[in-house]
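Chains, contacts and geometry: an overview
One letter stands for each residue in the lines below.
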Amino acid sequence: MSQHRSARAAVFSAGSWGTAVAKILADAGTDVSVHARRDEIADAINTVHRNPGYFPDVELPASLTATTDPAAALRGADYLVLSIPAQSLRTNLAAWTPHIGPDTVIVSLMKGIELGTGERASQVITEVTGVNANRVAVLSGPNLAREIMDGQPAAATVACPDEDAARRFQQVCHTTYFRPYTSTDVTGCELGGAVKNVIALAVGIASGMGLGDNASAMLITRGLAETTRLAVAMGAHPATLAGLAGLGDLVTTCSSPLSRNRTFGTHLGHGLSVEQATAATRQTTEGVKSAEAVLALAHAHGVEMPITEVISALLHEKVTLDEAAAALMQRPSKPER
Ligand SMILES: NC(=O)c1ccc[n+]([C@@H]2O[C@H](COP(=O)([O-])OP(=O)(O)OC[C@H]3O[C@@H](n4cnc5c(N)ncnc54)[C@H](O)[C@@H]3O)[C@@H](O)[C@H]2O)c1
Ligand SMILES: O=P(O)(O)OC[C@H](O)CO
């Protein structure tokens, strides 16, 4: 990247988190081009500097532009920032790959595991694009898009096997309200981000069933234990799961009514079916699909994940709410670990 020009980032797509990260990047002085699927969203970003689909009340930096043309968005990009539903990544990325430059670093914002393959987003990215893993990074942490759009303070982790690449992206997304740290533990960050969505479904369900804060704390704490067991079995560093992309994200997602995963769980706890809860949810709720993929990883790695197991059974409507709660409470007694 030239020392004489600003870094340039292409953000795909103009959803909730894509828009928030595009704003962070632009506020940090990075040139940003957002790829939107719909003409009216791209036009509104370019003309009135707002995204009417997600944050009609927030004015975006005037330097932030949008297009529906992937080639135009990616032209000269130092960074391709990907923020689409994890289950749609493989197909979309295959279409975008011919436009990715030879030195472009790809940054995943996605918190999901691919069904069928059990792959994390960074693995799908290296497989589909052929880009070396040293050019693939992950940004993850306790980051509710709505709060960030309001300029409220937040921190996150940028993970990449190449620590210099992580440091460079850290610089281009560091603002007065957004503080990124670096890490080389991509596996830990991605698993922390994906599994917390499943645990947030559980906490939402408990809340919807009218259970108290003790039950929420139990699910958060034991949820972290099972997340850490899986992540460590897959090569992650345990400290990552105690950090922003682990405990931090788990706490914010399980506590906030802004979380789509927690809210989806609350709907289930109120007695809605999965179909009804899906109909009531407009935005991406990664945990609903990822629960099954996480459970498959747990089985493949011989790791016990009782909360994930019960949530997966509930999502497939194999157990009732009461049976799910009883299944967790009546497990054999054991030491805490
Ligand atoms: N919203 C947040 O607060 C937040 C924070 C951190 C991470 N994330 C993660 O970011 C990722 C994106 O979530 P989001 O909140 O932006 O979701 P969203 O539903 O708000 O936006 C998703 C975007 O992807 C596009 N999209 C939907 N289906 C698609 C498909 N099949 N093909 C191509 N594009 C498609 C939509 O048009 C939209 O632009 C998820 O993995 C989520 O876990 C979200
Ligand atoms: O709204 P959710 O449940 O997808 O959570 C959003 C972010 O991942 C919180 O860090």
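Residues numbered from 1 in each chain as written. Chains lettered and ligands numbered in written order. Predicted model: local features only at pLDDT ≥ 70, side-chain atom pairs only at ≥ 80, totals over all residues. Heavy atoms only, no water.

Lining the immediate surroundings of ligand 1 are 23 residues, of which Ser16, Asn92, Ala145, Thr284 and Glu286 lie closest. Residue Trp17 places a main-chain N or O atom 2.9 Å away from an oxygen atom belonging to ligand 1. Between Arg260 and ligand 1, the recorded distance is 2.9 Å, taken from a side-chain N or O atom to an oxygen atom. For ligand 1, the accessible surface in isolation is 820 Å², of which the surrounding protein chains cover 86%. Taken together, the residues that form the shell around ligand 1 break down as 9 nonpolar, 10 polar and 4 charged. Each of domain 1 (8-184) and domain 2 (190-329) accounts for three or more of the residues forming the shell around ligand 1. (Near = heavy atom within 4 Å. Polar contact = N/O pair within 3.5 Å; in protein donor to acceptor, adjacent residues only side chain to side chain. Areas by Shrake-Rupley, 256 points an atom, 1.4 Å probe, with all protein chains shown as cover. Nonpolar A, V, L, I, M, F, W, Y, C, P; charged D, E, K, R; others polar. Domains from an automatic or database assignment.)

Working definition: the strands of a sheet are paired by backbone hydrogen bonds and lie parallel or antiparallel to each other. The strand order β3-β2-β1-β4-β5-β6-β7-β8 describes an open sheet built from 8 strands, whose pairing is mixed. Looking at strand neighbours, the two that pair on one side only are β3 (65-67) and β8 (178-183), the edges of this open sheet. With strand direction ignored, the average angle separating the axes of adjacent strands in the sheet is 25°. Here 6 bridges tie strand β7 (residues 154-159) to β8, and the two strands are oriented parallel to one another. Of the residues in β8, the one forming a bridge with Ala159 is Ser183. Contacting β1 (8-12), β2 (31-35) and β4 (79-82), helix α4 (residues 89-96) crosses the sheet at an angle of about 155° to β4. (Pairing = 2+ DSSP bridges. Helix = DSSP H or I, 4+ residues; strand = E, 2+ residues; numbered from the N terminus. Axes fitted to C-alpha atoms, helices over the stretch in contact; angles between N-to-C directions. Contact = heavy atoms within 4.5 Å.)

Here Thr240 shows up in helix α10 (residues 238-241). What makes Thr240 buried here is its relative accessible area of 14%. The residues contacting Thr240, other than those within four sequence positions of it, are Asp185, Gly188, Cys189, Ala245 and Gly246. (Buried < 20%, exposed > 50% of the residue type's maximum accessible area, 1.4 Å probe, protein only.)

This next bit is on the site of ligand 2. Lining the immediate environment of ligand 2, one finds 13 residues, of which Lys196, Asp249, Ser259, Arg260 and Asn261 sit closest. Contact between ligand 2 and Gly141: an oxygen atom at 3.1 Å from a main-chain N or O atom of the residue. A distance of 2.7 Å separates an oxygen atom of ligand 2 from a polar side-chain atom of Ser259. For ligand 2, whose accessible area on its own is 310 Å², the fraction buried by protein is 92%. Of all the elements in the fold, those that place two or more residues in the shell around ligand 2 are α11 (244-255) and α12 (260-269). Broken down by element, the residue count for the shell around ligand 2 peaks at 3 residues, all from α11. A class-by-class count of the residues in the shell around ligand 2 yields 3 nonpolar, 6 polar and 4 charged.

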